[in-house]
Amino acid sequence: MSARTKGALITWTTGDRAAAPVVLLHDRYRDHDANDALGARLAPTHRVVSVRGARTQMEMGLIKGYYWHLGPLAEPELSTLGDALSHLELLLIELNRETGRRIAIAGTGEGGSVALLIGLLWRELVIGVASIDGPLAGNIGDMPITLPPADGLPVLLATRDADLAPSAAALTARGASVTTRPAGDDTVADWIRGLPA
């Protein structure tokens, strides 16, 4: 495993560096290693890049974990969300330049919500998005961005505890190709492996 810092983000890479890239985003107040089980399933077939959120949550002087934005999952605070999206866009551009391929993105909870927005914003860089219990932000209309058409973007909404039916409807209305399944590392890994190379 190799770790490196790119801007405000720290990433860990496993798997075949020449293979199709997949970026893994952790849930709120977690760290990159929360995705180790999924990453291990994908490493034989993919270049797996686990990312640590740039913002640190402290409790009594100790690091509690890392996060992508302030506010509820379904209504992220815009300036912190914009900061996270900007850092992740640079990572996608770098991976695309290095590999010549579009990138799969998978995230859990808050990471899944961010992954959905990344897929919608940068369809030309993203081959597919898997969100585990991460809803699509409901305040997209308040954001100073114009989302391009989803143009058939493959999206997996994998559920453990969350009701993602409203997100599925909103993504479908934007032109995404949405699949909904119960969450599990094998389910998500199989779906990602089924994306075009």
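First, a word on scope: everything that follows refers to the structure included in this document.

About the criteria used
Residues numbered from 1 in each chain as written. Predicted model: local features only at pLDDT ≥ 70, side-chain atom pairs only at ≥ 80, totals over all residues. Heavy atoms only, no water. Phe/Tyr/Trp six-rings, centres within 6.5 Å; stacked < 30°, edge-to-face > 60°. Helix = DSSP H or I, 4+ residues; strand = E, 2+ residues; numbered from the N terminus. Lys NZ or Arg CZ within 6 Å of the ring centre and 35° of its normal. Salt bridge = Lys/Arg side-chain N within 4 Å of Asp/Glu carboxyl O. Expected span 1.5 Å × (residues − 1). Core = buried A, V, L, I, M, F, W, Y, C linked by side-chain atoms within 4.5 Å. Buried < 20%, exposed > 50% of the residue type's maximum accessible area, 1.4 Å probe, protein only.

1. As for the packing of aromatic side chains
- Throughout the structure, instances matching the rule amount to one aromatic pair.
- Seen in terms of ring centroids, Tyr29 and Tyr67 are 5.9 Å apart; in terms of plane orientation they differ by 70°. Their pairing is edge-to-face. Of this pair, Tyr29 sits in the loop between β3 (20–25) and α1 (36–42) while Tyr67 sits in strand β6 (residues 62–67); the two residues are 38 residues apart in sequence, bridging distant segments of the chain.
- Stacked on the ring of Tyr29, the Lys or Arg Arg28 has its end atom at 5.9 Å from the ring centre.

2. Side note on the pattern of salt bridges
- This structure, assessed with the given rule, holds seven salt bridges.
- The salt bridge partner of Asp185 is Arg41, with a shortest N-O separation of 3.8 Å. With Asp185 in helix α5 (residues 185–193) and Arg41 in helix α1, the pair connects residues that are 144 residues apart, well separated along the chain.
- As a salt-bridge pair, Asp186 and Arg41 come within 2.5 Å of each other at their nearest N and O atoms. Residue Asp186 is found in helix α5, and its partner Arg41 is found in helix α1; the two are separated by 145 residues along the sequence.
- By sharing partners, the salt bridges in this structure join Arg41, Asp185 and Asp186 into a single network.

3. Considering helix α2 (residues 78–99)
- When the terminal C-alpha atoms of α2 are compared, their 31 Å separation across 22 residues agrees well with the 32 Å that a helix rising 1.5 Å per residue should span.
- Immediately beyond the C-terminal end of α2, within one or two residues, lies Gly100, with a positive phi of roughly 70°.

4. Looking at the nonpolar core
- Counting residues in hydrophobic clusters, the biggest one holds 39 residues, and the most contacted among them are Val23, Leu25, Val51, Leu88, Leu92, Ile105 and Ile118.
- Mapped onto this core, the elements with two or more residues apiece are β3, β4 (46–52), α2, β7 (103–108), α3 (110–121), β8 (126–132), β9 (154–159) and α4 (165–173).
- Membership of the second largest hydrophobic core comes to 18 residues, among which are Leu24, Ala106, Ala130 and Ile132.

5. Remarks on unusual backbone geometry
- Even without being a glycine, Tyr29 presents a positive backbone phi close to 65°.
- By relative accessible area, which is 30% here, Tyr29 ends up partly exposed.
- Of note, the phi angle at Asp151 is positive, near 50°, even though the residue is not glycine.
- Checked against the element boundaries, Asp151 lands in the loop between β8 and β9.
- Since its relative accessible area comes to 60%, Asp151 is described here as exposed.

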